[in-house]
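Report on the structure
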Amino acid sequence: MQEILQQTTWQEWLGVSFSAVQVLLARKNNSNNYLFGIAGISLSLYVMFLAKLYAEFTLNLYYLVMSIYGWLYWKFGKGHSETVISETNNKEKLITAGIVVGTFSLFYIFLTHFTDSDVPILDSLVSAFAWAGMWLMARRKIENWILLNISNIIAIPLLIHKELYLYAALTAFLFIIAISGYIEWRKIIKSKSLEVD
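What comes next is a walk through the structure. (Residues numbered from 1 in each chain as written. Predicted model: local features only at pLDDT ≥ 70, side-chain atom pairs only at ≥ 80, totals over all residues. Heavy atoms only, no water.)

**Thoughts on the packing of aromatic side chains**
With the rule as written, the count across this model stands at 11 aromatic pairs. Taking 5.9 Å as the distance between ring centres and 15° as the angle between the ring planes, the aromatic pair formed by Phe104 and Tyr108 counts as stacked. Note that Phe104 and Tyr108 are positioned in helix α5 (residues 90-114) at a spacing of four residues, about one turn of the helix. One aromatic cluster is present, built from ring pairs that chain together Tyr34, Trp74, Trp145 and Trp185. The ring of Trp74 has Arg140 sitting right over it, with the charged end atom 3.8 Å from the ring centre. (Phe/Tyr/Trp six-rings, centres within 6.5 Å; stacked < 30°, edge-to-face > 60°. Helix = DSSP H or I, 4+ residues; strand = E, 2+ residues; numbered from the N terminus. Lys NZ or Arg CZ within 6 Å of the ring centre and 35° of its normal.)

Here it is in structure tokens:
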């Protein structure tokens, strides 16, 4: 255990801390979650590049863009008022499936032909589901928690394989928070529908 702690860089510690705060705030439906996310993502970019997790690195670049977009969308929405939590419609489900299939294909081709990645399938799968989940999170769709958890469950053994134990622990924590986040958001949707009725 002490050896693991000694191998962990300050960038990992700080990145994980910011990311943990971010997901706890997202669970509470607090738009400021994105500000902590941006800080954590910036540090994670450095760590993932050094670990040769190139799809994860690209995923973090995407997270950075989506965090900025998400913060603005949550705060101002389409009509300059805060966007409410909702479920995906059929069009959004098709877009989500397209994001998963498209990003997996692109990452897999890129990782197998242009990098020295030793885990192209898992790295691509983690990123594909996370890209789709983050898009749904930015649009305040409850299904984001499901897709992010599919990504999390694949990421945990991948991060352990890469000896990024702190990120593996964070991902296990995120898995648990995503379950409670889904439950919390479901309650919010239910209470809003009762207010309408």
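**A word on the environment of Phe114**
Turning to its location among the elements, Phe114 is positioned in helix α5. Relative accessible area serves as the criterion here: at 61%, Phe114 is assigned to the exposed category. In sequence terms Phe114 and Ile188 are 74 residues apart; their C-alpha atoms lie 45 Å from each other. (Buried < 20%, exposed > 50% of the residue type's maximum accessible area, 1.4 Å probe, protein only.)

**Digging into the pattern of salt bridges**
A complete count under the given rule lists five salt bridges for this structure. A salt bridge links Glu184 to Arg27, with the nearest nitrogen and oxygen atoms 3.5 Å apart. In this pair, Glu184 is assigned in helix α8 (residues 165-196) and Arg27 in helix α2 (residues 10-27), connecting sequence segments 157 residues apart. For Arg27, a relative accessible area of 19% puts it in the buried group. Residues Asp116 and Lys52 are paired through a salt bridge, measuring 3.1 Å at the closest nitrogen-oxygen approach. Placement of the pair is Asp116 in the loop between α5 and α6 (120-138) and Lys52 in the loop between α3 (33-50) and α4 (54-76), with a sequence separation of 64 residues. Given the relative accessible area of 43%, Asp116 is considered partly exposed. By relative accessible area, which is 39% here, Lys52 ends up partly exposed. (Salt bridge = Lys/Arg side-chain N within 4 Å of Asp/Glu carboxyl O.)

**Notes on the side chain of Asn60**
Relative to the helices and strands, Asn60 resides in helix α4. Residue classification places Asn60 among the buried residues on the basis of a relative accessible area of 6%. For Asn60, the residues in contact, after removing those within four places along its chain, are Ile41, Ser44, Leu45 and Met48. (Contact = heavy atoms within 4.5 Å.)

**Notes on a nonpolar patch on the surface**
Together, Tyr108, Ile109, Phe110, Phe114 and Ile121 make up a nonpolar patch on the protein surface, roughly 510 Å² of accessible area in all. A per-element tally of the nonpolar patch places α5 first, with four residues. Inspection of the secondary structure assignment puts Phe110 in helix α5. Judged by relative accessible area, which is 39%, Phe110 ranks as partly exposed. (Patch = residues over 30% accessible without salt bridge, like charges linked within 9 Å, V, L, I, M, F, W, Y side chains within 5 Å. Areas by Shrake-Rupley, 256 points an atom, 1.4 Å probe, with all protein chains shown as cover.)

**Description of the packing of α3 against α4**
Interhelical geometry of α3 versus α4 gives an angle of 165° and a closest axis separation of 9 Å. One element, α3, and the other, α4, form an angle in the roughly antiparallel class. Judged by the sense of rotation from one axis to the other, the crossing of α3 with α4 is left-handed. Residue composition of the contact of α3 with α4, by class: 16 nonpolar, six polar and one charged. (Axes fitted to C-alpha atoms, helices over the stretch in contact; angles between N-to-C directions. Parallel < 35°, antiparallel > 145°, perpendicular 65-115°, else oblique. Left-handed = near helix turned anticlockwise from the far one by under 90°. Nonpolar A, V, L, I, M, F, W, Y, C, P; charged D, E, K, R; others polar.)

**Comments concerning the side chain of Thr171**
For Thr171, the position within the fold is in helix α8. For Thr171, a relative accessible area of 7% translates into the label buried.

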